[in-house]
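Residue-level structural notes
This is what each chain is made of:
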2 protein chains.
Amino acid sequence: MDETDELLSIRAAELYYEENKTQDEIGQALRLTRWKVGRLLAQAKQRGFIRIEILHPRARRLPIERRLREERGLEDAIVVSSAGVASPDELQARTAQAAADYLTALRPVPRTLGVSWGRTLFEISQHLRNGWATGVNVVQINGGVSLNRRAGTAAATAVAIAQKGGGSATLLPSPAILEHLATKEAIESDRVVAGVIDLARSADAYLFSAGPADHTSVHIESGYLTEADVDLLVQKGAVGDVVGRYIDSEGNIVDPALDARTVGLTLDQLRDGHLRIAVIAGRSKHAVADAVVRSGLCSVLVTDEATALHLLDG
Amino acid sequence: MDETDELLSIRAAELYYEENKTQDEIGQALRLTRWKVGRLLAQAKQRGFIRIEILHPRARRLPIERRLREERGLEDAIVVSSAGVASPDELQARTAQAAADYLTALRPVPRTLGVSWGRTLFEISQHLRNGWATGVNVVQINGGVSLNRRAGTAAATAVAIAQKGGGSATLLPSPAILEHLATKEAIESDRVVAGVIDLARSADAYLFSAGPADHTSVHIESGYLTEADVDLLVQKGAVGDVVGRYIDSEGNIVDPALDARTVGLTLDQLRDGHLRIAVIAGRSKHAVADAVVRSGLCSVLVTDEATALHLLDG
DNA sequence: TGCAAGTCTGCTCATATGAGCAGGCGGCGA
DNA sequence: TCGCCGCCTGCTCATATGAGCAGACTTGCA
């Protein structure tokens, strides 16, 4: 394609897309046959001169979703558009909305849904509509009795998802991380707790998020870890946590001792699930999202465009 | 359009524009008739959910050009796209290129073209191709013997435009602004100078730019004015200059005494021309572009998207 | 210079899309 | 409750577009 044709293809594109002329009319204007105009337009598209964007909070990026499925081996991927997003909060809201939509459309409807907790999960619970399902029982898959004033968020999330889905919630009555291994083992041997974990292991689907390994972590906010603890984990290679367990960029547990004091499904138990939906969005979670996908923790990923492109192109 | 339809129109748009499905295929996927899909797509477009952009340095914005013609009474307007512009310099280059293209395509070819000088005009001269016209004679319409080391730019501009157009240049051998009115009158009564100005008044077309009233002005760089002079002009309401003459936001001369010492066509003489092409781009020239269009100094405007939108929407 | 390969052009034909219309449906007022 | 009005649906038909093909043209090489 020489320069003249390139320029003509731009002129044709202007008339076609901005002025809504037919290819025939454009041909008359530019003294070309309509077939030539059609070819110029095809070339303009193919060379990337034409960008078509869908501007809507609910817009998704299907080509990126396809690439995630094909190149990263995911069973499914939902990628929300970042176009026109004003703030990280808005991105988070869009992603939560998409996750809620995905759950609502899920067939067959899971009878038992295992959920983690945190800011993302809470937001998803808020975006779900009443009646999004009928008779979905929700079970917590990791400990989360909050130690600070925001107590109850973890429970509220599970309960909201269950209620709106016409089912009931089974809570895991335990802190996320315990100070002593012995305490953790004692709690897990409790009949109720063990029963909840068994139920969690049998769930039809898991819905969880991941947190970044930094000072904004919900574990610091909740009092389970100190900033110094997290700094140490980062030094050991942590990129973030999944169901309270900190992993490195390959998805390996960075601190086995800490992990042993963490209550809930282990990562291997999580990986045993058939449908494992991870919802991870935002700049700060690029690294942990990569680790989650790389290590096969999720089979379905709900994320934003920028994170998806990070996974694909580094 | 209720929320369900809005969402469907987004899903349909994704499949249509990103996945290149036919409306019929989309209908099958979403369990709709193909006519419904067509209507959803039409609504998505109409509500502005679909944005189509042409990404190319030579891309123009025809709808904005139309609005300029219709709403600001211009005979013609050329608006270059700002999409993907990295720097103000690139915007300037795109606009100069567009001006060169416009001149090249101009029919009938002007026999005599009056030109001003400055950074913009110089750049246009560089973008013109050899043989852009045959036998175009170029005449300077305002004084411009440069006083500093960049001497000759004004002359070089006119000569380059003429040479590449297969014609010759007639230079106006005079400074732009003189210190004393008497000197200016003496120069203008000189046979050669008067002859050039007469020739300029008879030109078939004028090509000129405008400068901002700030310290980047080419008049400061050339030594005709000091920074203090320009500050004073701004205080009097100047928004910029056209052929060396400073105007306010309504296009009126802000300092008649200074104007009287400025050599070249007066603004009224400029307005007598039939084809008056102004080339004005860049953030700093929004105000002066508005003044030029508002006061009818140009009949054709070549500008960038942001400036055009400023003229239209304030 | 002459030939062969590849490219470009303008066509035919099949398909996709948009305009416009008749019937059905729901909402609203009497 | 009935009947009218207006919107929405699914259609027919006209038009716009894309696929594929045969011939012309250019280009590179001997």
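Source: prediction; values computed, not measured.

Calculation notes
- Residues numbered from 1 in each chain as written.
- Chains lettered and ligands numbered in written order.
- Predicted model: local features only at pLDDT ≥ 70, side-chain atom pairs only at ≥ 80, totals over all residues.
- Heavy atoms only, no water.
- Least-squares fit on C-alpha atoms with pLDDT ≥ 70 in both.
- Contact = heavy atoms within 4.5 Å.
- Buried area = accessible area lost by both parts, 1.4 Å probe.
- Salt bridge = Lys/Arg side-chain N within 4 Å of Asp/Glu carboxyl O.
- Polar contact = N/O pair within 3.5 Å; in protein donor to acceptor, adjacent residues only side chain to side chain.
- Helix = DSSP H or I, 4+ residues; strand = E, 2+ residues; numbered from the N terminus.
- Buried < 20%, exposed > 50% of the residue type's maximum accessible area, 1.4 Å probe, protein only.
- Pairing = 2+ DSSP bridges.
- Near = heavy atom within 4 Å.
- Nonpolar A, V, L, I, M, F, W, Y, C, P; charged D, E, K, R; others polar.
- Domains from an automatic or database assignment.
- Axes fitted to C-alpha atoms, helices over the stretch in contact; angles between N-to-C directions.
- Parallel < 35°, antiparallel > 145°, perpendicular 65-115°, else oblique.

Time to look at the relation of the copies chain B and chain A. Under the fitted operation, chain B is carried onto chain A by 0.0 Å of movement along the axis and a turn of 180 degrees, and the coordinates agree to an RMSD of 0.1 Å. Both copies of the chain, as the preceding transformation shows, are related through a two-fold rotation axis. Every residue of chain B has its C-alpha some distance from the rotation axis, and the shortest such distance is that of I52 of chain B, at 2.2 Å. When the interface residues of chain B are mapped onto chain A, 100% of them again fall at the interface, so both copies present the same face.

The subject of this paragraph is the interface of chain B and chain A. With 28 residues of chain B at the interface, the matching set in chain A holds 28 residues. Both faces considered, chain B and chain A share a buried interface measuring about 3,000 Å² in area, 51% of it formed by carbon and sulfur atoms. Area buried by chain B at its contact with chain A is led by E18, R51 and I54 of chain B, which between them contribute 21% of it. One can count 10 salt bridges joining chain B with chain A. Notably, a salt bridge pairs E3 of chain A with R58 of chain B, separated by 3.6 Å at the nearest N-O pair. The interface formed by chain B and chain A holds 18 residue pairs in polar contact (both at pLDDT 80 or more) in total. Elements supplying a minimum of two residues to the side of chain B that touches chain A: helix 1 (3–18), strand 1 (50–54) and helix 4 (62–72) of chain B. In terms of residues, the side of chain B that touches chain A owes the most to one element, helix 1 of chain B, which gives 10 residues.

Here the focus is the pattern of salt bridges. For the coordinates displayed, the defined rule picks out 44 salt bridges over all chains. Linking R61 of chain A and E305 of chain A is a salt bridge whose minimum nitrogen-to-oxygen distance equals 2.6 Å. Here R61 of chain A is found in the loop between strand 1 (50–54) and helix 4 (62–72), whereas its partner E305 of chain A is found in helix 15 (residues 305–313), with 244 residues between them in sequence. Judged by its relative accessible area of 14%, E305 of chain A falls in the buried class. We note a salt bridge from R67 of chain A to D313 of chain A, for which the minimum N-O separation is 3.0 Å. Of this pair, R67 of chain A sits in helix 4 while D313 of chain A sits in helix 15, and the two are 246 residues apart along the sequence. A residue is classified by how much of its surface remains accessible, and R67 of chain A, at 27% relative accessible area, is partly exposed. A cluster of three or more residues bridged by salt bridges with shared partners is formed by E3 of chain A together with R58, D101 and R129 of chain B.

On to the sheet that holds strand 6 (residues 205–208) of chain A. Residues and elements named next belong to chain A. One open sheet holds the seven strands; their spatial order is 2-11-10-6-3-4-5, and the pairing between them is parallel. Of all the strands in the sheet, just strand 2 (76–80) and strand 5 (169–170) have a single pairing partner and so form its edges. Summarising the sheet, strand 3 (residues 112–115) and strand 6 pair through three bridges and their orientation is parallel. Residue G114 lies in a different strand from strand 6, and its bridge partner there is Y206.

Lining the immediate surroundings of DNA strand C are T33, W35, K36 and R39 of chain A together with Y16, T22, Q23, R34 and R39 of chain B. In the interface set of DNA strand C, defined as its atoms within 4 Å of the protein, sugar plus phosphate atoms amount to 50%. Between DNA strand C and Y16 of chain B, the relevant distance is 3.0 Å, taken from a phosphate oxygen to a side-chain nitrogen or oxygen of the residue. Put simply, the parts of the chain that give the surface near DNA strand C at least two residues each are helix 3 (34–46) of chain A together with helix 3 (34–46) of chain B. For the surface near DNA strand C, the element with the most residues is helix 3 of chain A, which contributes three residues. Tallied by class, the residues present in the surface near DNA strand C amount to two nonpolar, three polar and four charged.

Examined at the domain level, chain A breaks down into domain 1 (3–47) and domain 2 (62–313). Each of domain 1 of chain A and domain 2 of chain A was reduced to a C-alpha centroid, and the two centroids are 50 Å apart.

Residues and elements named next belong to chain B. Strands sit in the order 7-8-9 across an open sheet of three strands; the sheet is antiparallel. Single-partner strands in this sheet number two, and they are strand 7 (210–212) and strand 9 (245–247). For this sheet, the mean inter-axis angle between neighbouring strands, taken without regard to orientation, is 30 degrees. In the sheet, strand 7 pairs with strand 8 (residues 240–242) via three bridges, with the strands oriented antiparallel. Note that in strand 8 the partner of A210 across the bridge is V242.

Let us now look at the protein's contact with DNA strand D. Neighbouring DNA strand D are Y16, T22, Q23, R34 and R39 of chain A together with T33, W35, K36 and R39 of chain B. In the interface set of DNA strand D, defined as its atoms within 4 Å of the protein, sugar plus phosphate atoms amount to 52%. The contact in question runs from a phosphate oxygen of DNA strand D to an N or O atom on the side chain of Y16 of chain A, over 3.0 Å. Here a base oxygen of DNA strand D sits 3.3 Å away from a polar atom, N or O, in the side chain of W35 of chain B. The element that contributes the greatest number of residues to the surface near DNA strand D is helix 3 of chain B, accounting for three residues. Among the residues forming the surface near DNA strand D, the class breakdown is two nonpolar, three polar and four charged.

Moving on, we get to the packing of helix 8 (residues 181–189) of chain A against helix 9 (residues 191–201) of chain A. Residue and element names in this part refer to chain A. Here helix 8 crosses helix 9 at 75 degrees, and the two axes come no closer than 5 Å. If you check the angle between helix 8 and helix 9, you find them roughly perpendicular. Packed against helix 8, whose contacting residues are I187, E188 and S189, the element helix 9 presents R191, V193, A194 and I197 at the interface. Of the residues that constitute the contact of helix 8 with helix 9, the class distribution is four nonpolar, one polar and two charged.

Let us now look at the side chain of E19 of chain B. Here E19 of chain B shows up in the loop between helix 1 and helix 2 (23–30). Its relative accessible area of 18% is what places E19 of chain B among the buried residues. Setting aside its immediate chain neighbours within four residues, E19 of chain B contacts L62, P63 and R66 of chain A together with E14 of chain B.

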